[in-house]
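Survey of secondary and tertiary structure
Each chain, letter by letter, is given below.
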Amino acid sequence: MATRNDSLNPNSTEAWTVVSRRRRRSLKQQQPKRSVLPGPETLIATPSPWIPIDSFVDIERRSKLLQRMESAIRRLECSSFYRRFLLRLRGHLVQHGLARALSSALEIRMVVYGVGSIESYDPSRLQLALAILLRRDLGLAVPYLEVFDPILSATECAVMTAFDCAVVPVDERGRREVRAPTLFYMPHCEAALYDGLLEANWRPSSLNRMVVLGNSFSAYEQFVELGSCSGSASVEAAVKHLLLVRRHVTEVEMEEAEAGAGSQAKQDDEDGIFKAFHDTSWHFFDLDDDKPMDLVKR
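Residues numbered from 1 in each chain as written. Predicted model: local features only at pLDDT ≥ 70, side-chain atom pairs only at ≥ 80, totals over all residues. Heavy atoms only, no water.

Things to note about the overall build of the protein chain
The number of helices and strands found in the protein chain is 14 helices and 10 strands. A burial count over the protein chain gives 53% of its 298 residues as buried. Accessible surface for the protein chain amounts to roughly 13400 Å². Of this, 52% is attributable to carbon and sulfur atoms. (Helix = DSSP H or I, 4+ residues; strand = E, 2+ residues; numbered from the N terminus. Buried < 20%, exposed > 50% of the residue type's maximum accessible area, 1.4 Å probe, protein only. Areas by Shrake-Rupley, 256 points an atom, 1.4 Å probe, with all protein chains shown as cover.)

Encoded structure:
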């Protein structure tokens, strides 16, 4: 166990390379969680310094939250979901994508955006638990986990530090420029956050070094293409870069299907695991390093 220091039709292949074998929910339920439709100010927001609103670490709350996080890690690690997740992680498609992003580098950075309040919500604790376990089981050297969510409290930051996470002191709005191989874990983040990440790295050499474990890109595209939901134009604006690069992304669902998938899915629902990870996929980029982005075909 890791320890601390102290949807839409996913089988469509017209625009995406998608590996999909498990069930999906209806369109209404397929909208990625927390995908608040952004206004213009969200789309052009720039990074800014950040500190928790509350500067005081409550020792009693910290102790209780440490125990709850340890419990979440144990629960996830022992789940059938995590077994399926490891099968996918160790499979050819994910390993090939990781190797391509890594190239000749010896380590990969890991940045975690948008887990939310781990003190208030069980799905947030499970999402952070996955990041902690993934760092251990990735099979690659990960120096540390960089974590950021603007709603984190000082007590939550202290707990994350106890699990060897580094809380980023800047609200980057997702605009982290990739200078070395980097895995971005972005569970159920806003569409604008993904677009900001792509825009900040809008060149083949950077995109090819990125791996994104987060909301299904193909689900976003199909949501826009259906055009039957109110606000779809705003979603399209928020994912404009995603739609441009879609043909150069291989998407792989985060867990491998096994026999008896129906009963496993039911158990995941009962354990609250499905709520934390539904519609989450691996995304790997494959572009010609020498080709200008304005020549990339949709």
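Focus on the pattern of salt bridges
A full pass over the atoms with the stated rule returns 15 salt bridges. Note that Arg136 and Glu77 form a salt bridge whose closest N and O atoms lie 2.8 Å from each other. Of this pair, Arg136 sits in helix H6 (residues 122-137) while Glu77 is found in helix H3 (residues 59-77), placing the two residues 59 residues apart along the sequence. Judged by relative accessible area, which is 38%, Arg136 ranks as partly exposed. Given the relative accessible area of 23%, Glu77 is considered partly exposed. Where Asp122 meets Arg125, a salt bridge forms, and the shortest distance between an N and an O atom there is 3.8 Å. Taken together, the positions of Asp122 and Arg125, both in helix H6 and three residues apart, correspond to about one turn of that helix. Residue Arg125 is classed as buried on the basis of its relative accessible area of 7%. The network of salt bridges with shared partners includes Arg75, Asp122 and Arg125. (Salt bridge = Lys/Arg side-chain N within 4 Å of Asp/Glu carboxyl O.)

Examining the packing of aromatic side chains
A full pass over the atoms with the stated rule returns eight aromatic pairs. Taking the centre distance of 5.0 Å and the plane angle of 80 degrees together, the rings of Trp50 and Phe148 count as edge-to-face. You can see Trp50 sitting in the loop between strand E2 (48-49) and H3 and its partner Phe148 sitting in strand E4 (residues 145-148), a full 98 residues away along the chain. Per residue, the accessibility class of Trp50 equals that of Phe148, and both read buried. Ring centres of Phe85 and Trp282 lie 6.2 Å apart, and the angle between their planes is 20 degrees; this geometry places the pair in the stacked category. You can see Phe85 sitting in helix H4 (residues 80-89) and its partner Trp282 sitting in strand E10 (residues 280-285), a full 197 residues away along the chain. (Phe/Tyr/Trp six-rings, centres within 6.5 Å; stacked < 30°, edge-to-face > 60°.)

Thoughts on the pairing of strand E9 (residues 249-253)
Judged by how many residues are buried, E9 sits mostly within the fold: four of five residues are covered. The pairing of E9 with E10 spans five bridges and is classified as antiparallel. Counterpart to Glu251 in the pairing with E10 is His283. (Pairing = 2+ DSSP bridges.)

Details of the side chain of Ser117
Mapped onto the elements of the fold, Ser117 is located in the loop between strand E3 (109-113) and H6. Leaving out residues up to four positions away in the same chain, Ser117 has contacts with Ser124, Ile151 and Glu156. (Contact = heavy atoms within 4.5 Å.)

Considerations on H4
Counting buried residues along H4, eight of its 10 residues qualify, which places the element largely inside the surrounding structure. Among the residues making up H4, those that are buried are Ser80, Phe81, Tyr82, Arg84, Phe85, Leu86, Arg88 and Leu89.

Examining the confidence of the model for the protein chain
On average, residues of the protein chain carry a pLDDT of 81, and 74% of them reach 70 or more. Between residues 7-44, whose pLDDT stays under 50, and residues either more than four places distant or in other chains, the model counts 111 contacts. (pLDDT = per-residue confidence, 0-100.)

Thoughts on the packing of H4 against H6
Axis angle and axis distance: for two packed helices, these are the angle between their axes and the distance between the axes, and together they describe the pair. The contact between H4 and H6 brings their axes to 12 Å, and the two run at 40 degrees. Taken together, the axes of H4 and H6 lie oblique to each other. Both H4 and H6 take part in a crossing whose hand is right-handed. Along the contact surface, H4 presents Tyr82, Phe85, Leu86 and Leu89, while H6 presents Leu130, Leu133, Leu134 and Asp137. Among the residues forming the contact of H4 with H6, the class breakdown is seven nonpolar, no polar and one charged. (Axes fitted to C-alpha atoms, helices over the stretch in contact; angles between N-to-C directions. Parallel < 35°, antiparallel > 145°, perpendicular 65-115°, else oblique. Left-handed = near helix turned anticlockwise from the far one by under 90°. Nonpolar A, V, L, I, M, F, W, Y, C, P; charged D, E, K, R; others polar.)

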